[in-house]
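# Coordinate inspection notes
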Amino acid sequence: MTIQRQFYLCVVTCIVSLQLHAQSPDIRVVTQKLKSTALTTELVLSGTINPLHQAELSVATEALVTKLHVDVGSQVKAGDLLLELDDVLAKQLHLGALAQVAAAQVTVKEAQRVLNEGLRLKQQKHVTQSEISLRESNLTIAKAQLEQAKADAQIAKTRLAYHKLYAPFAGVVSARWTDLGQWLSEGDQVFTLVSLDNVRLDVRLPQEQLANIENIQSVQIQPDTQPTLKIAGRIDTLVPVGDGSRSFLLRLASQQSSSALLPGTSAQAHFVFEHSKIAVVLPRDALLRNADGNYTAFIVKDGIAKRRRVTLGPAGQDGYLVEEGLEPGEQVVIRGNELLSEGSAVTITNKSSLTP
């Protein structure tokens, strides 16, 4: 092939390439208009769901177990009868104490009668003042003995009541430590009762977030037993004492009851913080990372793509805070930006018509 023929072929190839390039369509992209908005950030913490009430129930007297009304797994309401002890002796002691009250009442009544008679006789000069004083003293002693008998009767009544154990709050019996016929001493543990309705999610809040706690916009609890479920929550308690990990105990309560919040299981707390600073937020899909580690984004102006270098701030719920490089109202490319270069001609379209 001659040099002249090679030259002609090269010229033809260049012309065809230029024509094809001139006829190539604009790159189709999806854009989003940048807006100024309050910055929101998100924090996710893991923790454990703990019952607000959990008690190791024990008996307050010594006796033999005669009846068990619940077992492991039983759900009870506050005031339900759980256990009964042999109360035969306690009943007898209570009856004896009541008899002592009755006897003391008779003694008081008689002492009062003797005193009244002495006062009548004194008016007739038949009884001395010393005798009246003695009768008054006897009445005072009789009244004191009556009060002592009443106190003893109340103690006996209380001890009799100790032979029945009632649920102090609603919950589930998670453990049983006794059985029928067992002799129990005062203070012996018999049941473990755990509240199911009143539960809290305990998480450790890093000290860096302590100053932002008043900026919390919303809290959601996500139980690990049901990862798709999110329950609205609220801050119940913040313990203002840090530990060795430089974190603070934050206790969250759910704003609605849920059977998914089981004591002893794990869950995540999703916090959304809203800050007072107003800034441009860049969608995550619009961000491109360069080989040098810097970040850029493309905006579209008059159908032409322009590359902007951006300086990012904290990540928010809707994207990244832009500290420098973009302005509100600009159209930023969120789809198709990986095909762009500085000065590319683009056609703005919607997501459904954009070819992957």
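The structure reproduced in this document is the subject of the present report. (Residues numbered from 1 in each chain as written. Predicted model: local features only at pLDDT ≥ 70, side-chain atom pairs only at ≥ 80, totals over all residues. Heavy atoms only, no water.)

This part takes up the side chain of R200. Summarising the element assignment, R200 is placed in strand β11 (residues 199-206). For R200, a relative accessible area of 11% translates into the label buried. One polar contact links R200 to D236, side chain to side chain, over a distance of 3.3 Å. Apart from residues lying up to four places away in sequence, R200 is in contact with T48, I49, N50, L52, D236, R251, L252 and A253. (Helix = DSSP H or I, 4+ residues; strand = E, 2+ residues; numbered from the N terminus. Buried < 20%, exposed > 50% of the residue type's maximum accessible area, 1.4 Å probe, protein only. Polar contact = N/O pair within 3.5 Å; in protein donor to acceptor, adjacent residues only side chain to side chain. Contact = heavy atoms within 4.5 Å.)

Looking now at empty space enclosed by the protein. If a probe as big as a water molecule is rolled over the atoms, it shows which places are left empty. Applying the stated criterion across every chain, the model contains 2 cavities of 30 Å³ or more. Considered as a void within the structure, the largest cavity measures approximately 40 Å³ in volume. Taken together, I49, V199, R200, L201, I221, L252, A253, S254 and L261 make up the lining of the largest cavity. Mapped by element, the contributors of at least two residues to the lining of the largest cavity are β11 and β14 (247-254). Of the residues that constitute the lining of the largest cavity, the class distribution is 7 nonpolar, 1 polar and 1 charged. (1 Å grid on protein atoms, 1.4 Å probe; cavity = no way out; pocket = protein on both sides within 12 Å on 5 of 7 lines; lining within 4 Å. Points joined across faces, edges and corners; volume = space filled by probe spheres on them. Nonpolar A, V, L, I, M, F, W, Y, C, P; charged D, E, K, R; others polar.)

Turning our attention to the packing of aromatic side chains. According to the stated counting rule, one finds 1 aromatic pair in the structure shown. R284 extends its terminal NZ or CZ atom over the ring of Y320, reaching a point 5.4 Å from the ring centre. (Phe/Tyr/Trp six-rings, centres within 6.5 Å; stacked < 30°, edge-to-face > 60°. Lys NZ or Arg CZ within 6 Å of the ring centre and 35° of its normal.)

For the structure shown, the criterion picks out 11 salt bridges. One network of salt bridges, with partners in common, ties together D71, R176 and D179. (Salt bridge = Lys/Arg side-chain N within 4 Å of Asp/Glu carboxyl O.)

If you walk across this open sheet you meet the 4 strands as β7-β6-β4-β9, and the pairing is antiparallel. Bordering the open sheet on either side are β7 (164-166) and β9 (183-184), each of which pairs with just one other strand. When strand β4 (residues 63-68) meets strand β6 (residues 81-85), the two strands line up antiparallel, connected through 3 bridges. Considered in β6, the bridge of L68 is made with L83. (Pairing = 2+ DSSP bridges.)

Looking now at unusual backbone geometry. With phi around 55°, R246 is a residue other than glycine that occupies positive phi space. By the element assignment, R246 lies in the loop between β13 (231-242) and β14. Here D302, not a glycine, exhibits a phi torsion of approximately 55°, which is positive. In this structure, D302 sits in the loop between β17 (295-301) and β18 (304-315).

With respect to burial, β6 is a largely interior element, 4 of its 5 residues being buried. Pairing of β6 with β7 involves 3 bridges; the strand directions are antiparallel. Within β7, the residue paired with E84 across the bridge is K164.

Right, let's get into the sheet that holds strand β10 (residues 189-194). What links the strands of a sheet is backbone hydrogen bonding, and the strands pair in either a parallel or an antiparallel sense. Read across the sheet, 4 strands follow the order β3-β10-β8-β5 without closing on themselves; strand pairing throughout is antiparallel. The sheet is open, and its two edges are formed by β3 (54-58) and β5 (75-76), each paired on a single side. Summarising the sheet, β3 and β10 pair through 5 bridges and their orientation is antiparallel. The partner of A55 across the bridge, within β10, is L193.

Remember, this is a structural readout, not a statement about activity or role.
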